[in-house]
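# Observations on the model geometry
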Amino acid sequence: MSATKIEFEYKGKQYTLQFTADSLKKMESQGVDFTSFGTKILTAGETLFVGSFIANHPETPKSLAKEIYQQIKGEADGGEALDDVLFEMFNEAVSEITQRRGNLGWKVTK
Amino acid sequence: MEGDQVSVAPLPSQEEPKEKKIKFGEILDEWCAFYMSIGVPYDEYWYGDYTRLKFYYKAWELKTTREVEMNNQASYLAGLYNYNAFSSVMATFGWALGGKKGSKPDGYMQHPLAITENEKKAERERNAQKTIEWFMKGQEVNKDG
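Note that this is a predicted model, so its numbers are computed, not measured.

## Considering the overall build of chain A
- Counting secondary structure elements, chain A contains four helices and two strands.
- N-terminal to C-terminal, the α/β element order of chain A is β-β-α-α-α-α.
- The proportion of buried residues among the 110 residues of chain A is 26%.
- Put simply, of all contacts in chain A between residues at least 6 apart along the chain, 58% involve residues at least 24 apart.

Written out as structure tokens, the structure is:
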């Protein structure tokens, strides 16, 4: 088993989208608040899609990533499943990295 | 003026503590240290395939379990050798106090306890050799008699 990826070709360029520990950290440092995904469900998919470029295509402009996202979402064949796959990829990355015995946990303390 | 309400600002120590939100990046940093402690290279953790991490973890668990079992075995063995040494001393002491009657106790074991297959084989060979020597001695006594 290896990490879940999204692969496609756009305007003659091959893309492989995935998450790594590094890309998740960079997403957060760029302003993504993972804890707000529950309340920002409509934009979370696009946020994850843009973030999934960091691992293999960090040079891709956000505007281009958003353009590709909108195009895939608009496709009749499987476009609506994109968000599900992105959330699955995100959950898989987080759980594979942080869910071991003696989990350090991710909690808010006062 | 009488009847006027005066609001007093709370002292700093009386203020409600603000919630400190832990960043996910901090959690990732902590996990990085943990994974590095069990042998995951830095780059593998941050840029590699995270699905491999569970194998590092499983290997670490197995190694740790095996080390605990080996330490336990070694401690048990050390206790056994100590017990054997003490028994040998006591037997020799008792023999000396009893006027050195009877055959002298063997003393401390001549060879380590046989644990591995090679050691067990060597022990079997030693025992066979002893039996042959004992038998030959018996024959010589009979011949002389």
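Picking up after the structure, the text goes on.
## Here we look at the overall build of chain B
- The helix and strand inventory of chain B stands at four helices and zero strands.
- Tracing chain B from N to C terminus, the helices and strands come up as α-α-α-α.
- Split into buried and exposed, the 145 residues of chain B put 6% on the buried side.

## Here's the deal with the confidence of the model for chain B
Residues and elements named next belong to chain B.
- Overall, the predicted model of chain B reaches an average pLDDT of 86, with 86% of residues at or above 70.
- Element-level pLDDT for chain B is lowest in helix α4 (residues 117–144), with a mean of 86, against a maximum mean of 97 in helix α2 (residues 42–47).
- Across the whole predicted complex the pTM is 0.69, and at the interface the ipTM reaches 0.85.

## A closer look at the interface of chain B and chain A
- The interface is formed by 21 residues belonging to chain B together with 22 residues belonging to chain A.
- Among the elements that make up the side of chain B that touches chain A, the one with the highest residue count is helix α1 (residues 24–37) of chain B (six residues).
- Across the side of chain B that touches chain A, the residue classes break down as 12 nonpolar, two polar and seven charged.

## A closer look at the pairing of strand β1 (residues 6–10) of chain A
Residue and element names in this part refer to chain A.
- Counted residue by residue, β1 has zero buried out of five residues, so it is predominantly exposed.
- The pairing of β1 with strand β2 (residues 13–17) spans five bridges and is classified as antiparallel. Each residue of the ladder has a partner; that of Glu7, found in β2, is Thr16.
- A loop of two residues connects β1 with β2, the two strands running antiparallel in sequence, and Lys11 in this loop sits at a positive phi of about 50°.

## Quick word on the packing of helix α2 (residues 41–51) of chain A against helix α3 (residues 62–74) of chain A
Residues and elements named next belong to chain A.
- Taken N-terminus to C-terminus, the directions of α2 and α3 make an angle of 125°; their axes are 9 Å apart at the nearest point. The angle between α2 and α3 falls in the class oblique. Helix-helix and strand crossings are classified by hand; for α2 and α3 the assignment is right-handed. Two secondary-structure elements touch here, α2 through Glu46, Phe49 and Val50 and α3 through Lys62, Ala65, Lys66 and Tyr69.
- Split by residue class, the contact of α2 with α3 holds four nonpolar, no polar and three charged.

## Examining helix α1 (residues 21–29) of chain A
- Residues of α1 of chain A that are buried: Ala21, Ser23, Leu24, Lys25 and Met27 of chain A.
- In this structure, the buried side of α1 of chain A is in contact with α2 and α4 (82–98) of chain A together with α1 and α2 of chain B.
- At the C-terminal side of α1 of chain A, Gly31 of chain A shows a positive phi close to 110°.

## Looking at unusual backbone geometry
- In the Ramachandran plot, Lys11 of chain A falls in the positive-phi region, its phi being about 50° despite a non-glycine side chain.
- Its place among the elements puts Lys11 of chain A in the loop between β1 and β2.
- On the basis of neighbour counts, which here come to 7 C-beta atoms within 10 Å, the residue Lys11 of chain A falls in the exposed class.
- Within the chain, Lys100 of chain B stands out as a residue other than glycine whose phi angle is a positive 55°.
- With respect to the element layout, Lys100 of chain B can be found in the loop between α3 (53–97) and α4.
- C-beta crowding within 10 Å serves as the criterion here: with 10 such atoms nearby, Lys100 of chain B is assigned to the exposed category.

## Re the confidence of the model for chain A
- Per-residue pLDDT for chain A averages 88, and the proportion of residues at 70 or more is 90%.
- Of the regions scoring below 50 in pLDDT, residues 103–110 of chain A engages in 18 contacts with residues more than four places distant in sequence or in other chains.

## Some words on α4 of chain A
- Between the first and last C-alpha of α4 of chain A there are 24 Å, a value that for 17 residues agrees with the 24 Å anticipated at 1.5 Å per step.
- For α4 of chain A, every residue scored as buried is listed here: Leu86, Met89, Phe90, Ala93, Glu96, Ile97 and Thr98 of chain A.
- Buried residues along α4 of chain A sit in contact with α1 and α2 of chain A together with α1 and α3 of chain B.

## Comments concerning the nonpolar core
- In this structure, Leu24 and Ala93 of chain A are the most contacted members of the largest nonpolar core, which totals 26 residues.
- Of all the secondary structure elements, the ones that give two or more residues to this core are α1, α2, α3 and α4 of chain A together with α1 of chain B.
- Once residues within four sequence positions are removed from consideration, Ala93 of chain A is found in contact with Phe19 and Leu24 of chain A together with Tyr50 of chain B.

Calculation criteria
- Residues numbered from 1 in each chain as written.
- Chains lettered and ligands numbered in written order.
- Predicted model: local features only at pLDDT ≥ 70, side-chain atom pairs only at ≥ 80, totals over all residues.
- Helix = DSSP H or I, 4+ residues; strand = E, 2+ residues; numbered from the N terminus.
- Buried ≥ 20, exposed ≤ 12 C-beta atoms within 10 Å, placed from the backbone.
- Contact = placed C-beta atoms within 7 Å.
- pLDDT = per-residue confidence, 0-100.
- Nonpolar A, V, L, I, M, F, W, Y, C, P; charged D, E, K, R; others polar.
- Pairing = 2+ DSSP bridges.
- Axes fitted to C-alpha atoms, helices over the stretch in contact; angles between N-to-C directions.
- Parallel < 35°, antiparallel > 145°, perpendicular 65-115°, else oblique.
- Left-handed = near helix turned anticlockwise from the far one by under 90°.
- Expected span 1.5 Å × (residues − 1).
- Core = buried A, V, L, I, M, F, W, Y, C linked by C-beta atoms within 7 Å.

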